[in-house]
Amino acid sequence: MSIRLNDTAPDFQAETTEGTINFHNWIGGGWAILFSHPKDFTPVCTTELGYMAKLAPEFQQRNCKVIGLSVDPVVRHAEWAKDIHETQGYAVNYPMIGDPDLAIAKLYDMLPADEPGTSEGRTAATNQTVRSVFIIGPDKKIKLMLTYPMATGRNFDEILRVLDSLQLTAGYKVATPVNWKNGEDVIIVPAVSDEEAKEKFPNGWKTVKPYLRIVAQPGETVMN
């Protein structure tokens, strides 16, 4: 099954470190981030899980739940969590999905649908494509997909920045420019005429080109 932006995120039931969940029910009416790992006790992922635990309050502030997945049984996750806390200084404070039969990895197109076997005997190298990040909106549709190589740690500050952009642009007819950060100027989307823009942005904007109109960020800035 292929996954594309704006597809409905596949629903599933799974065992996690916090009990059995039905994914869509677990998301509820807010946002969610699903990020995956090719194997427990892998060094790069250990640093990522710890940093995500550090950032968890930032995601909570944005009404966004976080859930991890690793291609190993849940009991292994619990042991790994001890190492993460010890080495990274933060305890994993979000659920971790066990995917020993590879079902969710296949469902989210991180492994081929006809991939044989289970997690038993597999290595991080054979699961190397299970290093993805999905941001899912309240409508249960996929808003962002990223897949990282095994040797490159993910930048979760960037994931937080993208979430800010997604939430802003979902509520206002704006787009965010290159390297935008929460609180900075944004772009009025071309679909908004100047007449409509006068109603939406009464304080005015700067026209660089007819298609490039810069305006102060609308709405409230999330305080970090």
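In this text, all values refer to a predicted model and were calculated from it rather than measured experimentally.

Peer 1: I would appreciate a short explanation of the environment of K209 in the present structure.
Peer 2: Relative to the helices and strands, K209 is located in strand 10 (residues 206-209). A relative accessible area of 45% means that K209 is categorised as partly exposed. Taking C-alpha positions, K209 is 27 Å from E220, a pair spaced 11 residues apart along the chain.

Peer 1: I keep staring at the side chain of D164 and nothing clicks. Help me out?
Peer 2: Tracing the sequence through the fold places D164 in helix 5 (residues 156-171). We classify D164 as buried; its relative accessible area is 9%.

Peer 1: Is there a simple way to explain the pairing of strand 4 (residues 64-70) in this structure?
Peer 2: Regular strands have side chains that alternate between both faces of the sheet. Counting buried residues in strand 4 gives six out of seven residues, a clear majority hidden from the surface. You can see the chain leave strand 3 (residues 31-37), run along helix 2 (residues 43-61) and come back into strand 4, and the turn it takes is right-handed. Looking at chain direction, strand 4 and strand 5 (residues 96-98) are connected through three bridges and run parallel. Residue pairing in the sheet places G68 in a bridge with M96 of strand 5. Running through helix 3 (residues 74-88), the crossover from strand 4 to the neighbouring parallel element strand 5 is right-handed.

Peer 1: What am I meant to see in the pattern of salt bridges here?
Peer 2: Pairs can form between side chains of opposite charge whenever their charged atoms are close. Per the stated rule, a full pass over the model turns up 13 salt bridges. R131 is the partner of E48 in a salt bridge, and the nearest nitrogen-oxygen pair spans 2.8 Å. Here the residue E48 occupies a position in helix 2, and R131 occupies one in the loop between helix 4 (103-107) and strand 6 (132-136), the gap between them amounting to 83 residues. Relative accessible area serves as the criterion here: at 1%, R131 is assigned to the buried category. In this structure, E158 and R161 form a salt bridge, with 2.7 Å as the shortest nitrogen-oxygen distance. One end of the pair is E158 and the other is R161, both in helix 5 and three residues apart, which spans about a single turn. Residues participating in the shared-partner salt-bridge network are E48, R131 and R154.

Peer 1: Any chance you could explain the packing of aromatic side chains here in plain terms?
Peer 2: Remark: the centre distance and the inter-plane angle together describe each pair of aromatic rings, the angle taken between the planes. Inspection of the entire model under this criterion finds seven aromatic pairs. Aromatic pair F23 and W26: ring centres 6.1 Å apart, planes at 15°, arrangement stacked. Here W26 and F23 lie together in helix 1 (residues 23-27), a separation of three residues that amounts to about one turn. For the pair shown, F23 and W26 are each scored as buried. Among the aromatic residues, ring-to-ring pairing joins F12, F23, W26, Y108 and F134 into one connected group. For K65, the ring lying beneath its charged end belongs to W26, and the centroid distance is 5.2 Å.

Peer 1: Which parts of the structure should I look at to understand the side chain of S165?
Peer 2: Relative to the helices and strands, S165 resides in helix 5. Given a relative accessible area of 13%, S165 falls into the buried group. Contacts of S165, omitting those with residues within four sequence positions, involve T176 and W180.

Peer 1: Just checking my understanding: could you explain unusual backbone geometry for this structure?
Peer 2: For residues other than glycine, phi is negative in most cases, and the peptide bonds are mostly trans. A positive phi angle, near 75°, is found at N6, a position not held by glycine. Following the sequence through the fold, N6 ends up in the segment before strand 1 (13-16). You will see that D109, though not glycine, has its phi angle at about 60°, which is positive. Take D109: it is sitting in the loop between helix 4 and strand 6. In this structure D109 comes out as partly exposed when scored by relative accessible area, which is 39%.

Cut-offs applied
Residues numbered from 1 in each chain as written. Predicted model: local features only at pLDDT ≥ 70, side-chain atom pairs only at ≥ 80, totals over all residues. Heavy atoms only, no water. Helix = DSSP H or I, 4+ residues; strand = E, 2+ residues; numbered from the N terminus. Buried < 20%, exposed > 50% of the residue type's maximum accessible area, 1.4 Å probe, protein only. Right-handed = clockwise from strand over helix to strand, strands pointing away. Pairing = 2+ DSSP bridges. Salt bridge = Lys/Arg side-chain N within 4 Å of Asp/Glu carboxyl O. Phe/Tyr/Trp six-rings, centres within 6.5 Å; stacked < 30°, edge-to-face > 60°. Lys NZ or Arg CZ within 6 Å of the ring centre and 35° of its normal. Contact = heavy atoms within 4.5 Å.

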